[in-house]
Amino acid sequence: MQFSPYIVHFILGFRPAIRLAVSCERNVSYLPKAGAGGRSSFSGVVATVFGSTGFLGRYVLNRLGRGGNQIIVPYRGDEHDYRHLRLMGDLGQMMFFDYNLKDPESVAKVLKNSNCVINLIGRQYETRNFSFDDVHATGAQVIAKAAKEAGVKRLIHVSALNASEDSPSKFLQSKARGEMAVREEFPEATIVRPATCFGHEDHFLNYYAYLRKLPLGVPLIDGGMKTTKIPVYVTWLNLQIADVAQAIVNAIHEDESIGQTFELVGPEQYYLFDILDYIYRLMRRDLPHYTMPRGVYNLVAWVLEQSIWSPRLTRDMLFREFLSDKVTAGLPGLQEFGVEPSSLDTIAISVLRRHRQSFFWDESIDSDAPCRPTSSYVSS
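The paragraphs below set out a description of the structure included in this document. Since this is a predicted model, take the numbers as computed values, not measurements.

Here we look at the packing of aromatic side chains
Think of a pair of aromatic rings as described by two things: how far the centres are apart, and how the planes are tilted against each other in angle. What the rule picks out here adds up to 12 aromatic pairs. Aromatic side chains F50 and Y99 sit 5.4 Å apart centroid to centroid with 70 degrees between the ring planes, which places their arrangement in the edge-to-face category. Taken together, the positions of F50 in strand 1 (residues 46-50) and Y99 in the loop between strand 3 (94-98) and helix 4 (104-111) put the pair 49 residues apart, joining distant regions of the chain. On the accessibility criterion, F50 (0% relative accessible area) is buried. The ring of Y377 carries the charged tip of R372 above its face, separated from the ring centre by 3.9 Å.

A few points about the packing of helix 9 (residues 272-282) against helix 12 (residues 344-352)
Remark: helix 9 packs on helix 12, axes separated minimally by 10 Å, with the N-to-C direction vectors making an angle of 50 degrees. Between helix 9 and helix 12, the angle is such that the two are oblique. The handedness of the crossing between helix 9 and helix 12 is right-handed. For the pair formed by helix 9 and helix 12, the contact residues are I275, Y278, I279 and L282 on the first element and L344, D345, A348, I349 and L352 on the second. Residues that form the contact of helix 9 with helix 12 fall into these classes: 8 nonpolar, no polar and 1 charged.

Things to note about the environment of L64
Note on placement: L64 falls in helix 3 (residues 55-66). Spatially, the C-alpha atom of L64 lies 9.9 Å from that of V46, the residues being 18 residues apart in sequence. In this structure, L64 is in contact with A47, V49, N69, I71, I118, V249 and I252, ignoring residues within four places of it in sequence.

Notes on unusual backbone geometry
The phi angle at E201 is positive, at roughly 70 degrees, despite the residue not being glycine. Phi at R284 takes a positive value of approximately 60 degrees, unusual for a residue other than glycine. Assignment of secondary structure puts R284 in the loop between helix 9 and strand 13 (289-291). Using a relative accessible area of 18% as the deciding quantity, one classes R284 as buried.

A closer look at the pattern of salt bridges
Summed over all chains, the structure comprises 10 salt bridges. With a shortest N-O distance of 2.9 Å, E188 and K148 are connected by a salt bridge. Taken together, the residues span a long stretch of sequence, with E188 in the loop between helix 6 (170-185) and strand 6 (190-194) and K148 in helix 5 (residues 132-149) at a distance of 40 residues. Relative accessible area serves as the criterion here: at 31%, E188 is assigned to the partly exposed category. For K148, a relative accessible area of 39% translates into the label partly exposed. In the salt-bridge network here, residues are joined through shared partners; they are E179, R193 and E263.

A short note on the pairing of strand 2 (residues 70-75)
Across the 6 residues that make up strand 2, a large majority, 6, are buried. Burial along strand 2 is two-sided: Q70, I72 and P74 and I71, V73 and Y75, pointing in opposite directions, are all buried. Relative to strand 2, strand 1 runs parallel, the two sharing 3 bridges. Looking at strand 2, one finds that V46 is bridged to Q70.

Basis of the calculations
- Residues numbered from 1 in each chain as written.
- Predicted model: local features only at pLDDT ≥ 70, side-chain atom pairs only at ≥ 80, totals over all residues.
- Heavy atoms only, no water.
- Phe/Tyr/Trp six-rings, centres within 6.5 Å; stacked < 30°, edge-to-face > 60°.
- Helix = DSSP H or I, 4+ residues; strand = E, 2+ residues; numbered from the N terminus.
- Buried < 20%, exposed > 50% of the residue type's maximum accessible area, 1.4 Å probe, protein only.
- Lys NZ or Arg CZ within 6 Å of the ring centre and 35° of its normal.
- Axes fitted to C-alpha atoms, helices over the stretch in contact; angles between N-to-C directions.
- Parallel < 35°, antiparallel > 145°, perpendicular 65-115°, else oblique.
- Left-handed = near helix turned anticlockwise from the far one by under 90°.
- Contact = heavy atoms within 4.5 Å.
- Nonpolar A, V, L, I, M, F, W, Y, C, P; charged D, E, K, R; others polar.
- Salt bridge = Lys/Arg side-chain N within 4 Å of Asp/Glu carboxyl O.
- Pairing = 2+ DSSP bridges.

Structural data, given as structure tokens:
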């Protein structure tokens, strides 16, 4: 029987996908490695990554794809939500399946052939269909339970720094309940709590950069000098530097991380006002700002909550914006994953350069004073 060379090439191109399909019939915990390492190899890890279409998810997929891991990407929406992720791995190394977090059967279906599950699901605001608890607590419990029943070896659950049931923030309350639900269903899970994340397409540096368009300037509570942040870098595709994303990928192979909770923070703590001042100095713009009473700001946030589209600001988001990052004593961090945290001073320009006007685009930043950490106030 004669085969067209195009058909043969098509079949050979999908060998990884065929191997993944065959793995359904055997114990995926012991899949053999293949290749010398890297994108064109197979590491033996088949990972299902929930929440991979979000800000952190695309960079975690990029790191997984570089390591020759096979990736299953559950998505909720249409093809436009995930088509940019196809480039993160080799042909046939990534498979996409639609699912519904409120349907336990669909969750179990997308992870049943995996030996690793990463849960990155998160929402910054509530919607009519999904509350914070639906996403961060109940959803996390459904994933953890399905992973345990499927015999998954590693579960990595991403929570948030400052997660606490006693927090006034419903977001942070639900994150804390999610951690407890995951521990109950999957005691060996690795829980990761990132601090305020920054990087390309973030909602931190870019958020404050866009606030320059406000007619009166950037509103701050207490002038931004009663809020401290310990921002941590995620990663960028064209850089070898990776902090949060690399730590999550390293956790797959770190047996010492089983059953532990990690808090991922940057190397320096800053006042929020100093971060804003640094952002606008890098953009070569003046920083227009003013102090707004918390009650008035809450009223503005409540009005914006009533938007029928995605709200730019809610009262919960406002509370978290002016909540200081606090580290729990005794919990391990990035260094335990073999990752050295990157400073805001070395990365911010790569994110903010695009916000400059054209005649400042190539201007050097060597003469700029770095962002002033809180420790400098004590020493000065």
